[in-house]
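# Architecture at a glance
If you want the building blocks of each chain, they are given just below.
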Amino acid sequence: MRKALVCGAGGFIACHLVKKLKREGYWVRGVDIKPHEWSPDAADEFQQLDLREEANCRKALTLDGGTFDEVYQLAAEMGGMGFIHSAETEIMHDSALINIYMTDLAARLGVPRYFFSSSVCIYRDMRPGEPEMKEEEAIPAHPDNEYGWEKLYSERVAMAYERRYGMQVRIARFQNCYGPEGAWTGGREKAPAAMCRKVAEVRDGGTIEVWGDGTAIRSFTYVSDMVDGIYLLMHSDLKGAVNIGCPQYVTVDELANTAAKVSGKRIEIKHVSGPVGVQSRNFANDRIYSLGWKAKVYLDEGIKRLYPWVEEQVRRTESGKS
Ligand code: NAD
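This one's a predicted model, so the numbers in the text were calculated from it and none came from an experiment. (Residues numbered from 1 in each chain as written. Predicted model: local features only at pLDDT ≥ 70, side-chain atom pairs only at ≥ 80, totals over all residues. Heavy atoms only, no water.)

Where empty space is left becomes clear once a probe the size of a water molecule has been rolled over the atoms. By the definition in use, this model includes one cavity of 30 Å³ or more. Considering only enclosed or pocket space, the largest cavity measures out at about 50 Å³ in volume. (1 Å grid on protein atoms, 1.4 Å probe; cavity = no way out; pocket = protein on both sides within 12 Å on 5 of 7 lines; lining within 4 Å. Points joined across faces, edges and corners; volume = space filled by probe spheres on them.)

Structure follows, in structure tokens:
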């Protein structure tokens, strides 16, 4: 039976990945600084460890009777735009330490295959409609936030270890990912969950606040598509970074209106100042398409799946207060 270590398994994408690996027949150890809130028993074994400590990375990677066949590194300081702009030092310090220790130890302990979760945040700000950027066009680099710089650095760490130790490294640059069992409140939530929450909290005919003027262009990848892409990439021969994203571009206002449509409520949007991030990012998916991957879940369908879950969390929280 193949054995996989999934770092960040207390978080959103990694926990969905754990479930995918279980369906594929793996024995899985999850590791995170905190347990997963909704699916704490998804992995065969879960270790609660702070991966900023080298000794804890070693513990996570240590397996009786051998090494892991595959290591998936998704642990990071992560959140939406508000978080990314307010937690620059945590991102540059904590995520970099996790990646330095995990990559170094995985290579030295002889792990044959290592996956690193990067982000399309490594690309520069773009104008809507600008030609799509390919992976190699990230350099010369100009990410608009420190989160992107840390990812770019950690990609290079992983590739350096691949060259030195021969560990097969696979790197995905994720686009905005959304779905149930992710952060939906508290400051780390990303735009789709935040919009669903705002709509779920407001009465029919009410007003929700949206940061910026609502024209920024985004694309969103549903989590089942993302984990299918990760799995396919990990078992492919594609070296270097690979974008994974749904090729549907929408404005932030269109995202809010999709959540409203799914809820059946009429809402007004009030634009307020806030950390918006880039105006647009248009990037090519040709490399992941070459493996036969295509996004299956587009925004309407994805929000139809996410909204009821967020609404349920809102209802539970409100009934807990009363
Ligand atoms: P998440 O916050 O839900 O998961 C990250 C997990 O890392 C969390 O559970 C957190 O507790 C854990 N972690 C943080 N510090 C740790 C530490 N010191 N020790 C152990 N665990 C620690 O985020 P996510 O959305 O699931 O993202 C997973 C990965 O994908 C991250 O690397 C993120 O940067 C990347 N990514 C995500 C998106 C997205 O849209 N969600 C987009 C691009 C890239």
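Interhelical geometry of helix α6 (residues 191-201) versus helix α8 (residues 252-263) gives an angle of 45 degrees and a closest axis separation of 9 Å. In this view, α6 runs oblique relative to α8, as classed from their interaxial angle. Classified by chirality, the crossing of α8 by α6 is right-handed. For the pair α6 and α8, contact is made by Ala191, Pro192, Met195, Cys196 and Val199 and by Val252, Leu255, Ala256, Ala259, Ala260 and Ser263, respectively. Per-class residue counts for the contact of α6 with α8 are 10 nonpolar, one polar and no charged. (Axes fitted to C-alpha atoms, helices over the stretch in contact; angles between N-to-C directions. Helix = DSSP H or I, 4+ residues; strand = E, 2+ residues; numbered from the N terminus. Parallel < 35°, antiparallel > 145°, perpendicular 65-115°, else oblique. Left-handed = near helix turned anticlockwise from the far one by under 90°. Contact = heavy atoms within 4.5 Å. Nonpolar A, V, L, I, M, F, W, Y, C, P; charged D, E, K, R; others polar.)

Turning to the site of the ligand, a few remarks are in order. Contacts to the ligand come from 27 residues, most closely from Phe12, Ile13, Asp32, Tyr147 and Cys177. One nitrogen or oxygen atom from the side chain of Asp32 is found 2.6 Å from an oxygen atom belonging to the ligand. Between the ligand and the protein, one listed contact pairs an oxygen atom with a backbone N or O atom of Ala76 at 3.2 Å. Against a free-state accessible area of 810 Å², the protein chains account for coverage of 93% of the ligand. When contributions to the shell around the ligand are tallied by element, the ones reaching two or more residues are α1 (12-23), β5 (113-119), α5 (146-165) and β7 (176-178). With three residues, the single largest contributor to the shell around the ligand is β5. The residue inventory of the shell around the ligand, partitioned by class, reads 13 nonpolar, eight polar and six charged. (Near = heavy atom within 4 Å. Polar contact = N/O pair within 3.5 Å; in protein donor to acceptor, adjacent residues only side chain to side chain. Areas by Shrake-Rupley, 256 points an atom, 1.4 Å probe, with all protein chains shown as cover.)

What follows is about helix α2 (residues 54-61). Within α2, burial applies to Asn56, Cys57, Ala60 and Leu61. Buried residues of α2 fall within an arc of 135 degrees about the axis and therefore sit on the same side. Where the residues of α2 are buried, they touch β1 (3-7), β2 (27-32), β3 (45-48), β4 (70-73) and α4 (88-108). (Buried < 20%, exposed > 50% of the residue type's maximum accessible area, 1.4 Å probe, protein only. Arc of directions from axis to C-beta.)

Further remarks concern the nonpolar core. Burial of nonpolar side chains together is a common tendency in soluble globular proteins. In this structure, Val6, Ile13, Leu21, Tyr72, Phe115 and Ile303 are the most contacted members of the largest nonpolar core, which totals 60 residues. Counting the residues that make up this core, at least three belong to each of domain 1 (3-175 + 223-244) and domain 2 (178-219 + 248-281 + 296-315). Sequence-distant contacts of Ile13, that is, excluding residues within four places in its chain, are made with Leu74, Phe174, Cys177, Val223, Met226, Val227 and Ile230. Core analysis: the next-biggest nonpolar cluster, separate from the first, contains 28 residues, Trp27, Leu61, Met102 and Met167 among them. (Core = buried A, V, L, I, M, F, W, Y, C linked by side-chain atoms within 4.5 Å. Domains from an automatic or database assignment.)

A few words on the pattern of salt bridges. Counted by the stated rule, this structure contains 25 salt bridges. A salt bridge links Arg127 to Glu130, with the nearest nitrogen and oxygen atoms 3.7 Å apart. Residue class for Arg127 comes out exposed when judged on its relative accessible area of 58%. What you see here is one network of salt bridges that share partners, running through Lys20, Glu24, Asp228 and Lys296. (Salt bridge = Lys/Arg side-chain N within 4 Å of Asp/Glu carboxyl O.)

Partitioning the protein into domains gives domain 1 (3-175 + 223-244) and domain 2 (178-219 + 248-281 + 296-315). Every contact between the two is made by 29 residues of domain 1 and, on the other side, 26 residues of domain 2. Of the roughly 2200 Å² buried between domain 1 and domain 2, counting both surfaces, carbon and sulfur atoms make up 51%. The largest per-residue losses of area from domain 1 upon contact with domain 2 belong to Phe12, Trp38 and Asp225, which jointly make up 25% of the total buried on that side. Linking domain 1 to domain 2 there are four salt bridges. Here Lys19 makes a salt bridge to Glu181, at a shortest N to O gap of 2.9 Å. In this assembly, domain 1 and domain 2 are joined by 15 residue pairs in polar contact (both at pLDDT 80 or more). (Buried area = accessible area lost by both parts, 1.4 Å probe.)

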